[in-house]
Amino acid sequence: MKTRYIASLLVLAFATAGAPAWAQSPDNPLGTPAAAVGKFSRNYAEAVRMALPPIDSAELARVMERVRAASANEKPLAITNSAELEKFFSLRSRDPDKSGDFVDAGDAVYKFEPKAGRIYVAWRMTDVKPVARSTFTRRIKSIRAAHDTLAKKLGIPAEQVMFADFREILTKTDPRAATPTAATAAGTPIMAEGGTTTLLRAVGGVLVEGSYLRVSSADAKRMSLVKATWPRVQLADGAGRALRAPKDMLDDVTKRIANDSRGVPVSVRMAVVLRPVDPDKPGVYVPSLKIGVEPQAIKTADGYRTDAGQVYYSDLLQDSPPFVDASGGDSAGADKETAPN
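In this text the structure is predicted, and so the values were computed from the model without any measurement. Each chain has its residues counted from 1, following the order in which its sequence is written. Residue-level local features of this predicted model are given only where pLDDT is at least 70; pairs of side-chain atoms are given and counted only at 80 or more, and the full residue set underlies all totals for whole chains, interfaces and linings. Excluded from the side-chain calculations are hydrogens and water; all other atoms, namely the structure's heavy atoms, are used.

**Student:** Quick question: what am I supposed to make of the pairing of strand 12 (residues 284–295) here?
**Tutor:** Every regular strand shows the same layout, with side chains that alternate between the two sheet faces. Burial here depends on accessible area, computed with a 1.4 Å probe over protein chains only, as a share of the maximum for the residue type. Under 20% is buried, over 50% is exposed, and the range in between is partly exposed. Runs of H or I in DSSP of at least four residues are treated as helices and runs of E of at least two as strands, each being numbered from the N terminus. Of all 12 residues making up strand 12, 11 are buried, and the element is well covered by its neighbours. Sheet topology note: the strand 10 (residues 234–235)/strand 12 ladder contains 2 bridges and is parallel. Paired with L235 across the two strands is Y285, which belongs to strand 12. Criterion used throughout: strands pair if DSSP finds at least two bridges between them. Two strands pair when backbone bridges link them, and strand 11 (residues 266–276) and strand 12 are joined in this way by 11 bridges, in the antiparallel orientation. Each bridged residue has a counterpart across the sheet, and for V266 the counterpart in strand 12 is P295. Looking at chain direction, strand 12 and strand 15 (residues 310–315) are connected through 6 bridges and run antiparallel. Directly across from K290, in strand 15, lies its bridge partner Y313.

Set out below in structure tokens:
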């Protein structure tokens, strides 16, 4: 029996790699000031105040105008229909056009949703053999280069890549699956089966929630997964005017965190992001304050208990309710979509 460890990138929209120069400063006005990052406190009002992005409503309106200008110059991805997707990835054609449905192409399964800019291709890999991590390390450079080349061919603009992450796909034999012997009692070493690149997207310097490219490969020549959500960005009505600053949400955020945390010290981190408005309206976004709350680990008799924490959204339109349910999912959360076997 094997246990596979696929590291999923959990980023609460606070990365700045690849963002404009002003966003790379220690105190990015769209995010929590550096001095507050990683600080735990039971004083929830103070924790929230320290974590609030310093941008005011006037500057936020100017940022949204920058987003609007950047989105007006966007070009669609290189793939616009199922036939082009099949040609791009050299897939066997099975249906003339089944946009939005899974299509079994024999050695791969794919799904294409043009309005959402969503591409999903998963290859059936039957001959991948794990290798020692020391061996795989020598492959990483070429795999990352192959992923970068694919992103360019798909039409991913370099200026929209806000954050790039690469993780190994690791595997290890579980020695409990068989009768242990002296040779297997400790299990086999952790091996590498491939690597995954995740690119998070920003438009006008603002992270676009739920928009990313993820590519997994066994090696530089063989891909196992390509998953992209990269729609044309359009700001919702009212997103360029009548905006409220993050500081206007201090009391509401404090009350909610205090109610949910119940005396446990927490670390709070925030960022201004573009939140998808409605799954039925792909590509339409609203400026929103994303709030991540991490509880401090609690010492127990068996070690430490670490709770997962919570993420809230508060749209930054003056007439919006204090909190909204996210409709687009975390921009770098684990893949939830599963193709048929």
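**Student:** Would you take a moment to explain the nonpolar core for this structure?
**Tutor:** In these notes, a set of buried Ala, Val, Leu, Ile, Met, Phe, Trp, Tyr and Cys residues joined through side-chain atoms within 4.5 Å is what counts as a nonpolar core. Among the nonpolar cores identified, the biggest contains 36 residues, and M64, V253, I257, V268, M270, L274 and I291 are the most heavily contacted of them. Of all the elements in the fold, those that place two or more residues in this core are helix 1 (44–51), helix 2 (57–72), strand 8 (206–217), helix 6 (250–261), strand 11 and strand 12. Contacts: residue pairs with any heavy atoms within 4.5 Å of one another. Residues within four places of V268 in sequence aside, it is in contact with T32, K39, A47, A51, I257, I291 and G292. Core analysis: the second largest hydrophobic core is formed by 24 residues, I79, A105, V161 and V226 among them.

**Student:** Can you help me understand the pattern of salt bridges in this one?
**Tutor:** When their charged atoms lie close together, side chains carrying opposite charge are able to pair. Each salt bridge in this description consists of a side-chain nitrogen of Lys or Arg and a carboxyl oxygen of Asp or Glu lying within 4 Å of one another. Per the stated rule, a full pass over the model turns up 13 salt bridges. E168 is the partner of R133 in a salt bridge, and the nearest nitrogen-oxygen pair spans 2.8 Å. Of the two residues, R133 is situated in helix 4 (residues 133–137) and E168 in strand 6 (residues 161–173); the sequence distance between them amounts to 35 residues. Under the relative-accessibility criterion, R133 is labelled partly exposed at 36%. A salt bridge links K290 to E209; its shortest N-O distance comes to 2.9 Å. Of this pair, K290 sits in strand 12 while E209 sits in strand 8, and the two are 81 residues apart along the sequence.

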